[in-house]
Amino acid sequence: MAGSTGDRLQARNDLAWAITVGGIGIVLFALLLMFAWYFAATLFLIFSGMLLGVALNAMTHMLGRGVKLPHSLRLTIVCLVLAGMLSGVIFLGGATIAQQTTVLTNTIKSQLVNVKAFLERNGVDTSFFDFGSLNAMPSDSSAPAAPQTHSLPSAGTIASSGGAIFSQSLKLILGTVSAVGNFFIVLFLGLAFAVQPSVYRSGLLFLAPAKHRTRATVIIDRIGDTLERWLIAQIITMGAVFFVTWIGLEIIGIQSSFILGIQAGLLAFIPTVGAILGGLIVVLASLSSGWVAALSAFILFLGVHALESYVLTPIIQRQALDIPPATLFSFQILLGVVFGIWGLALALPLMAIAKVMIDHFKAEDASQTVTA
């Protein structure tokens, strides 16, 4: 009887302990989710720096296959080559890029106005679209202007105008400083991760419990290898999309072909959604040159999309990632809605990390089942 009472008391203690540990785990997990939600932009910025470091490390390893030099020297050569290419593009094509960017911006604005007018003529309500300052653009420039009376503005008008100008200027300055600051943060983190990758790898492994350190080593190495192969394949794909789009639009005779090729290559980093956005911008910018040019640009977009989806991705990335398109697109939409452009752009590498971990645990469970 005493033994039975002791067993019941032990069972109650075990249940209370399990409930306590489970409650603490749930609270900690909820706090972790709140932390990730609140500091999502910062975490994505750090993750972008890690991706840059992985890309630099991958190019350094590729250089090491042909040149037997120390890691630091190979990384220096890679950084100098990339900096030289970027400087060449800026100094040789900077004026062209600035000019074509201005032309492209004005063209897209005018085409959006035309699309809005076309929809309204056909009875489509466009009030739920956020056209911003497009509504303020004059629809009929040939209408006679109303006679103006010149008078000195009041002190209140001058003060309010000055305040508005100062507010807009401050927003522009802060936005520019934020963008430049984020760029240098990503650049610094990427260089820091690429200079001493083994130090950060050892630090991650040190955080894992000793009995799980072997498993953590395998997972981290597989994640690093997968991201390296995917980033190299993605860089090649982006370069091919940029070159084909630029040359194709130049042959068609579309204005701003160079900057359109750049945006198509950059948007190729975002699977599916990036190709759609890039094609929409190309076709929209081509409408100003006529329907024949727009149709030719649309055919070119279909060709570039087919080249990317059915030639480059299967050949170059078949060893990197194997994620079903519907799964990837759903994950992109989810992260895009929750976290904005950061989630949309970094959905694929995040999903690649999750896939590596899932595949590892599935293979481990399968091996344990066969052994049993």
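Quick caveat: nothing in here was measured; it's all calculated off a predicted structure.

Our focus in this paragraph is the overall build of the protein chain. Scanning the protein chain from N- to C-terminus turns up twelve helices and zero strands. Listed N to C, the secondary structure of the protein chain is α-α-α-α-α-α-α-α-α-α-α-α in terms of helices and strands. Here the protein chain holds 372 residues, and 28% of them are scored as buried. Expressed as a percentage of contacts within the protein chain between residues at least 6 apart in sequence, the contacts between residues at least 24 apart total 67%. Split by element, the accessible area of the protein chain, about 24100 Å² in all, is 72% carbon and sulfur.

Below, the discussion takes up the nonpolar core. When a protein is soluble and globular, its nonpolar side chains tend to lie buried together. Membership of the largest hydrophobic core comes to 19 residues, with the highest contact counts inside it found for Leu51, Ile223, Leu227 and Leu231. When contributions to this core are tallied by element, the ones reaching two or more residues are α2 (40-66), α6 (213-252) and α12 (347-371). The greatest single-element share of this core, amounting to six residues, is contributed by α2. The residues contacting isoleucine 223, other than those within four sequence positions of it, are Ile353, Val356 and Met357. Within the second largest apolar cluster, 13 residues are counted, among which are Leu260, Ala268, Ala293 and Ala297.

Bringing the packing of aromatic side chains into the picture now. In this structure the tally under the stated criterion is twelve aromatic pairs. Ring geometry for phenylalanine 35 against phenylalanine 39: centres 4.9 Å apart, planes inclined by 45 degrees, an arrangement best described as tilted. Residue class for phenylalanine 39 comes out partly exposed when judged on its relative accessible area of 35%. Measuring from centroid to centroid gives 6.5 Å for phenylalanine 243 and tryptophan 246, while their planes differ by 80 degrees, and the two rings are edge-to-face. Remark: tryptophan 246 and phenylalanine 243 occur in helix α6; sequence separation between them is three residues, near one turn of the helix. Note on tryptophan 246: relative accessible area 26%, which makes it partly exposed. A network of ring pairs unites the aromatic residues Phe242, Phe243, Trp246 and Phe258 as a single cluster.

What follows covers the packing of helix α7 (residues 257-267) against helix α8 (residues 273-286). Pairs of packed helices are described in terms of their axes, by the angle between the two and the distance that separates them. Between α7 and α8, whose axes approach to 8 Å, the crossing angle comes to 165 degrees. The angle between the axes of α7 and α8 places the two elements in the roughly antiparallel class. Two packed elements cross with a definite hand, and for α7 against α8 that hand is right-handed. Seen from α7, the contacting residues are Leu260, Gln263 and Leu267; seen from α8, they are Gly274, Ala275, Leu277, Gly278, Ile281, Val282 and Ala285.

Further remarks concern the pattern of salt bridges. The full count for this structure, using the stated rule, is three salt bridges. A salt bridge links aspartate 225 to arginine 229; the nearest nitrogen and oxygen atoms lie 3.0 Å apart. Pair noted here: aspartate 225 and arginine 229 are both in helix α6, with a separation of four residues, about one helical turn. The exposure class of aspartate 225 is partly exposed, given its relative accessible area of 38%. Measuring nitrogen to oxygen at the nearest pair gives 2.8 Å for the salt bridge that ties lysine 355 to aspartate 359. Pair noted here: lysine 355 and aspartate 359 are both in helix α12, with a separation of four residues, about one helical turn. In this structure lysine 355 comes out as partly exposed when scored by relative accessible area, which is 27%.

Within the secondary structure, glutamine 234 sits in helix α6. Of the polar contacts made by the side chain of glutamine 234, one reaches the backbone oxygen of alanine 268; its length is 2.7 Å. Within the structure, the side chain of glutamine 234 is placed 3.5 Å from the backbone oxygen of phenylalanine 269, a separation counted as a polar contact.

The rules we used
- Residues numbered from 1 in each chain as written.
- Predicted model: local features only at pLDDT ≥ 70, side-chain atom pairs only at ≥ 80, totals over all residues.
- Heavy atoms only, no water.
- Helix = DSSP H or I, 4+ residues; strand = E, 2+ residues; numbered from the N terminus.
- Buried < 20%, exposed > 50% of the residue type's maximum accessible area, 1.4 Å probe, protein only.
- Contact = heavy atoms within 4.5 Å.
- Areas by Shrake-Rupley, 256 points an atom, 1.4 Å probe, with all protein chains shown as cover.
- Core = buried A, V, L, I, M, F, W, Y, C linked by side-chain atoms within 4.5 Å.
- Phe/Tyr/Trp six-rings, centres within 6.5 Å; stacked < 30°, edge-to-face > 60°.
- Axes fitted to C-alpha atoms, helices over the stretch in contact; angles between N-to-C directions.
- Parallel < 35°, antiparallel > 145°, perpendicular 65-115°, else oblique.
- Left-handed = near helix turned anticlockwise from the far one by under 90°.
- Salt bridge = Lys/Arg side-chain N within 4 Å of Asp/Glu carboxyl O.
- Polar contact = N/O pair within 3.5 Å; in protein donor to acceptor, adjacent residues only side chain to side chain.

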